[in-house]
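Here's the letter readout for the chains.
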Amino acid sequence: MQELLLKKISKMNRLLILGVGLLLLSVYFLPIWHIALDAPQYPEGLGMKIWIDKITGSSTYDLQNINLLNHYIGMHEIVSESVPELLFMPYVLGFLIFGAFVTFLHPKVYMVILGILNIIILGILGMYDFWRWEYNYGHNLNPDAPIVVPGMAYQPPLLGCKEMLNITACSFPSWGGIILFVSLGILIWVIWDEKRRIDVSS
Amino acid sequence: MILIGLGYGCKGGAATAALASDAAKRVYVAPGEKDEVYAFLSGGFSGQMSVYGIPSTRLFKIIPVFSVFPENGYGYDEETKNMLRTTNGYVPWDDSHHIEASMTDGKQDGRWLFMNANNSPRLARIDLRSFETKEIIEIPNSAGNHASPFATENTEYLMAATRFSVPIPQASVPIENFSKGDFKGTVSMVKVDPKSGRLSIELQILVPGFDYDLSHCGKGKSHDWCFFTSYNSEQAYKMIEVGASKNDKDYILAFNWVRAKQCLDQGKASNFGGEYYRNYLPENQPAISEKLSGVKMLQPKDCPGVMYYMPTPKSPHGTDVDPTGEYIVGGGKLATVIPVHSFSKLMDVKDKPEHRSGMIMDIPILKYESTLAGEVKKPCLGPLHTEFDGKGYAYTSCFVSSEVVKWELGTWEVEQHLPAYYSVGHLSIVGGSSKDPYGKYLIALNKITKDRYLPVGMELPQSAQLYDISGGKAELLSDFPTVGEPHYSQMIPAKLLMDKAAKIYPLEENKHPYAIKNEKDARVVREGNTVRVYMTQIRSHFKPDTIEVRSGDTVFFHVTNLEQDFDIPHGFAVGGAPEMPNLLIMPGQTRTFKWKAPKPGIYPFYCTDFCSALHQEMQQYIRVLP
Ligand SMILES: [Cu+2]
């Protein structure tokens, strides 16, 4: 085990790690998550994108229109400014990228494992935080709202699709999220590859 | 024998039923499916333009152009009322005849439509992104703007010629002076700015006092030329019905607009009077109405080669140029032939004295046979207008015999007679007046309906009929009632327009001086006896929502619709307001409702366009204090 942890990773895998670092840079420019809303009167669809540092509509005016729909049920207005996590998320991503570059310069297997743990821990925290926001938006409704359906909550799904009144909400990772998963996959593959090399040589 | 007879009878019946159901399939557009073509029909005496889908013939929209439209406040509110301003004052109605689609290289480009007003000589530009009227220009020195607005190949100019010749400049002269030449017509060249579409009158040409009826401009080799029909070359002024039908031939005026522009640039036109308005509606701002005065006027004698008369039998109505630009088809209302002039022959003979038979106001009259390419013999009664399918065939409408006649260019042979129900005026083929007809559908635009629909009292709707002309024989597919008289039409393939249609006015681009972009800015401002209400609308409320004014105040409700969602206009109406009808305010738009505060009391105001689940709650009050 110790042999594996302290092993210097192969030249090719080192380049792969560098590649992961560069790939992660693109997450600054791509949405991480996407929530699509489908309703009969919105045949063209409505959607929301969650980026590393902001929330936007899928097209220019979608967020405004989602908030307009939500005002009937008394949901708080969804605006980037109300989610403080978005302020430090770019630094968290920066930390992951920094880790990849350090690993490139100090190419040991344990560094790769640290990277995997970082992504998994941050991923779980991020998903939990996302779920918490969804919960709060969906449950903390204005009691004076024009439409109050007793017992109804409007929490969108964390992953997958869900029907809420006449709206079907689907929540899936977007390009940025997919890149995070792919990065994780590459790192795991690197570990597997390094382990395979030890097995072959012994 | 009887059995055979029955057998035939059954066969015939089955065949008819099969054809009918087949036609029904060809016009059926299933729920959620889109039509293939936009048809824009002028509304004749309604002064509006309506938009239909083809082949379904469903009505999509009425675009107000020359007539007020209480449904959405066009012509009433502070933003659009200046659109209907003329030198005769505010003219809230007109008679709209012809629609022309903008073209690039002779092909429809989907940017604008143009439509004429006959009564108060005017010409409008309709934007094909918003499907709204954006500009109206008055034509000075004209009475009856009928031969209008026909465009040159790249929409460099729109032509507008006088229907009713009058003294120019206007003067009270004895009417019998008409036959002494005191009455004149004008041909106007209205320049279209290629980028913005803005209209300006560049030049007018003074022409003999006939009645100028219709026009079409050349294409390809005839690019430099436009052709105008004229009737009443007799210059009759009493019982014109008889007096103007005497001559065996009237004229098609061939006009070289490139030459006219040359003469203008050489300083051969002189300053001439004539006042006119130009009204322009910038996006989301009040219409700008300018009074302009004076035009450049060219006399044909000062510009040799600018015009020629081609005799054409008899009281010609339509003049239509085929897609190649070679053939100029005349539609003689009272003629027994359809005469076709050849552009190449016109070029050959126009300056050869032996081909001339006289001059009028220094405009040479050519001999009929000299420019004639051929005649379609005995096609029908009352041929009027011709359009082309781009496959070598022409279709001519015949008013008196109520039919559309298909004939072949070059052989001049009639191929088919198609009955029309009833009294067809113009007809229209998709792109049929352009260089590149789409040639699948033809509509006949009829004046009379009689027994076609359920009777609704003595005024029946006018109607149009749809034919499929894609096969060897044209087939009637359906007929449909229209809004107003469907005078002329342009049909444009849907793919050219549908993806460009505007969905909202972006709020950030709203430059209206009284717009507010946020509910926080909603307020009431008093300036003496004038009260300005800066108001917002969003589902499902107004801000401010309760208002107090004093009896006799002039109140301006500057209402901004804050929505940025497709198809969510809001309405605005005040209970009992006598001078203003409803307003429909598009997403991101600001419009102004002017209201004279009446006697003290409580007056409701509300949204009139069912906008949301809480639309009925979108209502508030104004208190009028003593
Ligand atoms: Cu409303």
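What counts as what
Residues numbered from 1 in each chain as written. Chains lettered and ligands numbered in written order. Predicted model: local features only at pLDDT ≥ 70, side-chain atom pairs only at ≥ 80, totals over all residues. Heavy atoms only, no water. Core = buried A, V, L, I, M, F, W, Y, C linked by side-chain atoms within 4.5 Å. Buried < 20%, exposed > 50% of the residue type's maximum accessible area, 1.4 Å probe, protein only. Helix = DSSP H or I, 4+ residues; strand = E, 2+ residues; numbered from the N terminus. Contact = heavy atoms within 4.5 Å. Donors = N, O, S within 2.8 Å, 3.2 Å for Na, K, Ca; no water. Pairing = 2+ DSSP bridges. Phe/Tyr/Trp six-rings, centres within 6.5 Å; stacked < 30°, edge-to-face > 60°. Lys NZ or Arg CZ within 6 Å of the ring centre and 35° of its normal. Buried area = accessible area lost by both parts, 1.4 Å probe. Polar contact = N/O pair within 3.5 Å; in protein donor to acceptor, adjacent residues only side chain to side chain. Nonpolar A, V, L, I, M, F, W, Y, C, P; charged D, E, K, R; others polar. Axes fitted to C-alpha atoms, helices over the stretch in contact; angles between N-to-C directions. Parallel < 35°, antiparallel > 145°, perpendicular 65-115°, else oblique. Left-handed = near helix turned anticlockwise from the far one by under 90°. Salt bridge = Lys/Arg side-chain N within 4 Å of Asp/Glu carboxyl O.

With an unreviewed UniProt entry as reference, chain A is termed Copper chaperone NosL, source organism Leptospira andrefontaineae.

A. Inspection of the nonpolar core at higher detail. Core analysis: the largest hydrophobic core is formed by 46 residues, its most contacted members being L24, I55 and V112 of chain A. Among the secondary structure elements, those contributing two or more residues to this core are α2 (11-25), β1 (33-39), β2 (42-50), α3 (62-73), α4 (85-105), α5 (109-139), β5 (167-173) and α6 (175-201) of chain A. It is α5 of chain A that contributes the most residues to this core, 7 residues altogether. When neighbours within four sequence positions are excluded, L24 of chain A is seen to be in contact with L93, L96, I97, I179, L180 and S183 of chain A. Of all hydrophobic cores here, the second largest spans 29 residues; its members include Y157, L203, F210 and I363 of chain B.

B. Summary view of the coordination of the copper ion. Residues and elements named next belong to chain B. Surrounding the copper ion are the protein donor atoms H570 (ND1), C607 (SG), C611 (SG) and M618 (SD), at 2.2 to 2.6 Å. When the donor residues of the copper ion are listed from N- to C-terminus, their spacing reads H-x36-C-x3-C-x6-M. With a gap of 11 residues between them, C607 in the loop between β43 (601-606) and β44 (619-625) and M618 in the loop between β43 and β44 connect regions that are remote in the sequence. In terms of burial, C607 and M618 fall into one category: buried.

C. View of the pairing of strand β22 (residues 337-342) of chain B. All names here are of chain B. Burial analysis of β22 places 6 of its 6 residues in the buried class, which makes it a mostly covered element. Of the two faces of β22, the one lined by V337, P339 and H341 and the one lined by I338, V340 and S342 are each fully buried. Summarising the sheet, strand β21 (residues 327-332) and β22 pair through 3 bridges and their orientation is antiparallel. Bridged to V329 within β22 is V340. Between β21 and β22, which pair antiparallel in sequence order, lie 4 residues. Sheet topology note: the β22/strand β25 (residues 372-377) ladder contains 5 bridges and is antiparallel. Looking at β25, one finds that V340 is bridged to G374.

D. Spotlight on the packing of aromatic side chains. Residue and element names in this part refer to chain B. Inspection of the entire model under this criterion finds 32 aromatic pairs over all chains. When the ring of Y52 is compared with that of F480, the centres are 5.3 Å apart and the planes differ by 55°; the resulting orientation is tilted. Of this pair, Y52 sits in strand β2 (residues 49-54) while F480 is found in strand β33 (residues 475-482), placing the two residues 428 residues apart along the sequence. F480 carries the same exposure label as Y52, and that label is buried. With a centroid separation of 6.3 Å and 70° between ring planes, the pair formed by W225 and F343 is classed as edge-to-face. Of the two residues, W225 sits in strand β15 (residues 225-231) while F343 sits in helix α4 (residues 343-349), which places them 118 residues apart along the sequence. For F343, a relative accessible area of 4% puts it in the buried group. An aromatic cluster is built from F542, F557, F572, F593, W595, Y603 and F605, whose rings are joined through pairwise contacts. For the cation-ring pair, K333 lies above Y231, with the distance from its terminal atom to the ring centre recorded as 4.3 Å. Here the basic side chain of R523 rests over the ring of Y534, its NZ or CZ set 4.0 Å away from the ring centre.

E. Representation of the interface of chain B and chain A within the structure. With 13 residues of chain B at the contact, the number on the chain A side is 8 residues. When the two sides are added together, the surface that chain B and chain A hide from each other amounts to roughly 910 Å², 52% of it contributed by carbon and sulfur. Counting across the chain B and chain A interface gives 8 residue pairs in polar contact (both at pLDDT 80 or more). A class-by-class count of the residues in the side of chain B that touches chain A yields 6 nonpolar, 3 polar and 4 charged.

F. How the structure looks around the sheet that holds β44 of chain B. Residues and elements named next belong to chain B. Strand order in the open sheet formed by 5 strands is β38-β44-β43-β40-β41, with mixed pairing between adjacent strands. Two strands close off the open sheet at either side, each with one partner strand: β38 (546-550) and β41 (583-585). Across the sheet, the axes of successive neighbouring strands diverge by a mean angle of 25°, strand direction being ignored.

G. Up close: the packing of α4 of chain A against α5 of chain A. Residue and element names in this part refer to chain A. Orientation of α4 relative to α5, taken along the N-to-C sense of each, is 165°, at an axis distance of 10 Å. The angle between α4 and α5 falls in the class roughly antiparallel. Crossing angle aside, the handedness with which α4 passes α5 is left-handed. Between α4 and α5, the contacting residues are E85, V92, F95, L96, V102 and T103 on the first element and M111, V112, N118, I119, L122, D129, R132 and W133 on the second. Counted by class, the contact of α4 with α5 contains 9 nonpolar, 2 polar and 3 charged residues.

H. Spatial organisation of the pattern of salt bridges. Residue and element names in this part refer to chain B. As enumerated under the stated definition, the model contains 39 salt bridges over all chains in all. Here R125 and E135 are joined by a salt bridge, their closest N and O atoms 2.9 Å apart. Linking R125 in strand β8 (residues 122-127) with E135 in strand β9 (residues 132-138), this pair joins segments that are 10 residues apart in sequence. Accessibility expressed as a relative area gives 2% for R125, which makes it buried. Here E563 and R539 are joined by a salt bridge, their closest N and O atoms 2.6 Å apart.

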